[in-house]
Number of protein chains: 2
Amino acid sequence: MCQLLGMNCNTPTDVTFSFAGFAQRGGRTDHHADGWGIAFFEGAGVRQFVDVEPACSSRLADFVRNYPIQSRNVISHIRKATYGKVMLENCHPFVRELWGRYWVFAHNGDLHGYAPRLHAGFHPVGGTDSEQAFCWLMQELAKSHASLPPIDELTLTLRELAPRIARFGTFNFLLSNGEALWAHATTKLCYIVRQHPFNTAQLADEDLSVDFQQVTTATDRVAVIATTPLTRNETWIPFESGELKVFVDGAVR
Amino acid sequence: MCQLLGMNCNTPTDVTFSFAGFAQRGGRTDHHADGWGIAFFEGAGVRQFVDVEPACSSRLADFVRNYPIQSRNVISHIRKATYGKVMLENCHPFVRELWGRYWVFAHNGDLHGYAPRLHAGFHPVGGTDSEQAFCWLMQELAKSHASLPPIDELTLTLRELAPRIARFGTFNFLLSNGEALWAHATTKLCYIVRQHPFNTAQLADEDLSVDFQQVTTATDRVAVIATTPLTRNETWIPFESGELKVFVDGAVR
């Protein structure tokens with residue numbers, strides 16, 4: 001099993017605080033030491049960092065922790081290999097292009113006996129069930145819409161598609177096209193929306209706190225989604241099983 | 001205009017020496033200061049780093065220079081913007097998936113009035129002529145072969161396709177799927193194959209030399225392809241106009 005971290009904001013924000021705690025779960029405070037990855041949207045562009053080293057000790061993760069990339073949509077993943085070897089091509093998040101936009105996807109959970117018919121333009125490069133699920137989602141989105149539809153239409157389509165994968169097992173996932181971030185839970189996912197008045201948050205996995213009031217303006221709004229709460233002094237809202245939420249501009253749509 | 005750097009080897013090799021000199025052309029020894037990028041294959045996986053900062057001063061480029069990623073196929077690019085703004089989505093190299101493999105592409109040159117019909121599964125995310133050319137190449141490869149063909153067949157197809165783009169202007173490009181590296185020149189590209197007995201090479205753009213004998217074994221073979229020679233004491237072989245070469249295991253096929 002793996003862990004997920006997502007961030008969706010109304011203004012470009014760095015994820016260094018959340019990622020600092022999250023990365024500790026990659027081998028130090030938790031056992032997800034089989035690689036990690038993070039993808040940042042910057043406009044329509046994407047920066048993707050993937051690594052087979054444990055996130056807690058990877059030099060690349062150290063660089064990401066100390067290099068505040070400003071982004072409105074971020075997806076990160078730390079991996080505990082179950083299906084698929086510890087190889088770079090099996091590290092999440094995965095990226096594909098559809099309708100002239102990049103799509104970023106990361107998954108937590110195991111799918112059993114999942115072998116979708118991939119007959120169109122999306123095929124997995126690695127050996128994970130997760131990348132198969134992503135390719136199938138992309139294929140079915142492409143079949144459902146001729147070009148990029150509005151966010152609410154995409155959400156409706158994803159609400160139809162997600163259960164068809166979830167019946168094979170655990171399908172907690174994060175998906176973003178840089179405009180919105182979709183989060184689906186079957187077992188474990190929670191979120192928090194931070195907005196004015198901001199408070200001090202204290203990481204659960206590392207002795208680090210930040211007073212968000214010092215680093216934000218009154219109009220900023222940031223949603224953070226994670227497998228389990230990243231802070232110890234805030235109230236995270238759990239997803240219900242089967243729930244798909246879409247985050248836009250730092251709020252639940 | 002831009003500059004290209006490629007490396008193809010028979011054993012995983014780090015590109016730090018060549019990249020150290022190449023990155024200086026991104027704003028210091030030359031004027032290509034509108035972003036840069038580099039992609040490394042590791043097995044079937046790809047690590048892609050892109051940045052809108054000048055390569056000579058980018059913190060990310062500094063990380064790449066000092067983090068020896070071992071790879072058999074590397075493509076790098078520094079950009080002088082002509083078509084398309086200085087934005088992350090316009091930084092080369094670009095990555096797409098076809099037949100369950102990643103493909104990496106970077107281009108040097110301007111294409112005039114180039115507006116290919118992109119009717120299939122590959123669409124540009126950014127605004128460059130280069131990404132349009134890449135999408136068209138991917139589309140036409142996908143139409144020409146039902147699944148991944150042998151390298152020599154791909155080379156034949158690319159020899160047919162490249163001139164159909166080159167008629168619109170300057171089309172120097174590097175393309176790799178992790179197995180082979182294709183290089184096409186219309187104006188400026190040169191290469192060198194380093195193999196036993198190895199010598200000392202001295203960078204043209206920075207006061208740095210390396211004795212390859214100290215860091216290689218007798219069976220290593222490395223081809224480096226660049227817009228202009230990266231070293232001052234080696235003989236680089238220029239491409240002829242219209243030439244497409246394919247490099248496999250560090251040698252010209």
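Residues numbered from 1 in each chain as written. Chains lettered and ligands numbered in written order. Predicted model: local features only at pLDDT ≥ 70, side-chain atom pairs only at ≥ 80, totals over all residues. Heavy atoms only, no water.

Undergrad: Explain the overall build of chain A to me, and be specific about the residues and the numbers.
TA: Secondary structure assignment for chain A yields 5 helices and 15 strands. By the compact-globule yardstick of 18 Å for 253 residues, chain A fits well, its C-alpha radius of gyration being 17 Å. Taking the principal axes of the C-alpha coordinates as reference, chain A spans close to 50 × 35 × 30 Å. For chain A, with 253 residues in total, the buried portion stands at 60%. Within chain A, contacts between residues at least 6 apart in sequence are counted, and of these 71% link residues at least 24 apart. Surface summary for chain A: the accessible area is close to 9400 Å², and the carbon and sulfur share equals 48%. (Helix = DSSP H or I, 4+ residues; strand = E, 2+ residues; numbered from the N terminus. Rg over C-alpha atoms; globule rule 2.2 N^0.38 Å. Buried < 20%, exposed > 50% of the residue type's maximum accessible area, 1.4 Å probe, protein only. Contact = heavy atoms within 4.5 Å. Areas by Shrake-Rupley, 256 points an atom, 1.4 Å probe, with all protein chains shown as cover.)

Undergrad: Go over the sheet that holds strand E5 (residues 94–98) of chain B, please, and point to the residues and values.
TA: Residue and element names in this part refer to chain B. The 6 strands lie next to each other as E5-E6-E7-E8-E14-E15, forming an open sheet whose pairing is antiparallel. The outermost strands of the open sheet, each flanked by one partner alone, are E5 and strand E15 (251–252). Note: strand E14 (residues 244–248) against E15, 2 bridges, orientation antiparallel. From the neighbouring strand, valine 248 faces E15, where its bridge partner is alanine 251. (Pairing = 2+ DSSP bridges.)

Undergrad: Got a sec to walk through the interface of chain B and chain A? Specific residues and values, please.
TA: The partner chain A presents 29 residues to the 28 residues of chain B that form the contact. Both faces considered, chain B and chain A share a buried interface measuring about 2600 Å² in area, 54% of it formed by carbon and sulfur atoms. Run the count over chain B and chain A and you get 4 salt bridges. Here Asp51(B) and Arg47(A) are joined by a salt bridge, their closest N and O atoms 3.1 Å apart. Put simply, chain B and chain A have 14 residue pairs in polar contact (both at pLDDT 80 or more) between them. (Buried area = accessible area lost by both parts, 1.4 Å probe. Salt bridge = Lys/Arg side-chain N within 4 Å of Asp/Glu carboxyl O. Polar contact = N/O pair within 3.5 Å; in protein donor to acceptor, adjacent residues only side chain to side chain.)

Undergrad: How would you summarise the nonpolar core if you had to cite specific residues and measurements?
TA: Residues Phe19(A), Trp36(A), Phe49(A), Phe19(B), Trp36(B) and Phe49(B) are the most contacted members of the largest nonpolar core, which totals 54 residues. Once residues within four sequence positions are removed from consideration, Phe19(A) is found in contact with Leu5(A), Trp36(A), Ile38(A), Ala61(A), Val64(A), Arg65(A) and Ser76(A). (Core = buried A, V, L, I, M, F, W, Y, C linked by side-chain atoms within 4.5 Å.)

Undergrad: Explain the sheet that holds strand E15 (residues 251–252) of chain A residue by residue, including any values.
TA: Residues and elements named next belong to chain A. Sheet architecture is open: 6 strands sit in the order E5-E6-E7-E8-E14-E15, paired in antiparallel fashion. Each having just a single partner strand, strand E5 (94–98) and E15 make up the two edges of the open sheet. Sheet analysis places strand E8 (residues 181–184) next to strand E14 (residues 244–248), joined by 4 bridges and oriented antiparallel. Bridge pairing in E14 links histidine 184 to leucine 244.

Undergrad: Kindly report on the environment of Phe40(A), identifying the contributing residues and their values.
TA: Residues and elements named next belong to chain A. Relative to the helices and strands, phenylalanine 40 is located in strand E2 (residues 36–42). Taking the C-alpha atoms as reference, phenylalanine 40 lies 19 Å from threonine 216; in sequence the two are 176 residues apart. In contact with phenylalanine 40, not counting residues within four places along its chain, are Val15, Gly45, Val46, Arg47, Phe49, Val64, Ile69, Ser71, Asn73 and Val74.

Undergrad: I'd like a description of the packing of helix H3 (residues 129–144) of chain B against helix H4 (residues 151–166) of chain B, backed by residues and values.
TA: Residues and elements named next belong to chain B. Between H3 and H4, the least distance of the axes is 10 Å, while the angle of their chain directions is 140 degrees. Considered as vectors, H3 and H4 are oriented oblique to each other. Crossing angle aside, the handedness with which H3 passes H4 is right-handed. Along the contact surface, H3 presents Ala133, Trp136, Leu137, Glu140, Leu141 and Ser144, while H4 presents Leu154, Thr157, Leu158, Leu161, Arg164 and Ile165. For the contact of H3 with H4, the class distribution of residues is 8 nonpolar, 2 polar and 2 charged. (Axes fitted to C-alpha atoms, helices over the stretch in contact; angles between N-to-C directions. Parallel < 35°, antiparallel > 145°, perpendicular 65-115°, else oblique. Left-handed = near helix turned anticlockwise from the far one by under 90°. Nonpolar A, V, L, I, M, F, W, Y, C, P; charged D, E, K, R; others polar.)

Undergrad: Account for the pairing of strand E8 (residues 181–184) of chain B, with residues named and values stated.
TA: Residue and element names in this part refer to chain B. Side chains Leu181 and Ala183 of E8 all project onto a buried face; the interleaved residues Trp182 and His184 project onto the opposite face, where all are buried too. Direction of pairing for strand E7 (residues 172–176) relative to E8: antiparallel, over a ladder of 4 bridges. Considered in E8, the bridge of leucine 174 is made with alanine 183. Taken together, E7 and the strand that follows it, E8, pair antiparallel across an intervening segment of 4 residues, in which glycine 178 is found at a positive phi of about 90 degrees.

Undergrad: Outline the relation of the copies chain B and chain A, listing residues and values.
TA: Turning one copy of the chain about an axis and sliding it along that axis gives the other copy, so a rotation and a shift relate them. Note on the identical chains: chain B maps onto chain A by a rotation of 180 degrees and an axial translation of 0.0 Å, with an RMSD of 0.0 Å. Considering both components of the superposition, the chain copies are consistent with a two-fold axis. The share of interface residues of chain B whose copies in chain A are also at the interface is 100%, consistent with both copies meeting through the same surface. (Least-squares fit on C-alpha atoms with pLDDT ≥ 70 in both.)

Undergrad: Quick rundown of helix H2 (residues 59–66) of chain B? Include the residues and the values.
TA: Along H2(B), the residues that are buried comprise Leu60(B), Ala61(B), Phe63(B), Val64(B) and Arg65(B). Here the buried face of H2(B) lies against strand E3 (45–51) and helix H2 (59–66) of chain A together with helix H1 (16–24), strand E2 (36–42) and strand E3 (45–51) of chain B. The backbone nitrogen of Leu60(B) lies 3.1 Å from a side-chain oxygen of the residue at the head of H2(B), namely Ser58(B).

Undergrad: Explain the pattern of salt bridges to me, using residue names and the numbers behind them.
TA: Scanning the model with the defined rule gives 22 salt bridges over all chains in all. As a salt-bridge pair, Asp62(B) and Arg65(B) come within 3.5 Å of each other at their nearest N and O atoms. Highlighted residues: Asp62(B) and Arg65(B), both in helix H2, separated by 3 residues, approximately one helical turn. Accessibility expressed as a relative area gives 38% for Asp62(B), which makes it partly exposed. Where salt bridges share partners, they join Glu42(A), Arg47(A) and Asp51(B) into one cluster.

Undergrad: So what's going on with the side chain of Thr128(B)? Residues and values would help.
TA: Residue and element names in this part refer to chain B. Tracing the backbone through its elements, the reader meets threonine 128 in the loop between strand E6 (101–108) and H3. Given the relative accessible area of 2%, threonine 128 is considered buried. At 3.0 Å, the side chain of threonine 128 and the backbone nitrogen of glutamate 131 are in polar contact.

Undergrad: Please provide a residue-by-residue account of the side chain of Ser58(B), values included.
TA: All names here are of chain B. Residue placement: serine 58 occurs in the loop between E3 and H2. One polar contact links the side chain of serine 58 to the main-chain amide nitrogen of leucine 60, over a distance of 3.1 Å. In this structure serine 58 touches Trp36, Asp51 and Glu53, once residues within four positions along its chain are discounted.

Undergrad: Summarise the packing of aromatic side chains; cite the residues concerned and give the values.
TA: Applying the stated rule across the entire model yields 28 aromatic pairs over all chains. When the ring of Phe40(A) is compared with that of Phe49(A), the centres are 6.1 Å apart and the planes differ by 85 degrees; the resulting orientation is edge-to-face. Here Phe40(A) matches Phe49(A) in class, with each residue buried. Considering the side-chain rings of Phe105(B) and Phe134(B), the 4.9 Å spacing of their centres and the 0 degrees angle between planes classify their relative orientation as stacked. (Phe/Tyr/Trp six-rings, centres within 6.5 Å; stacked < 30°, edge-to-face > 60°.)

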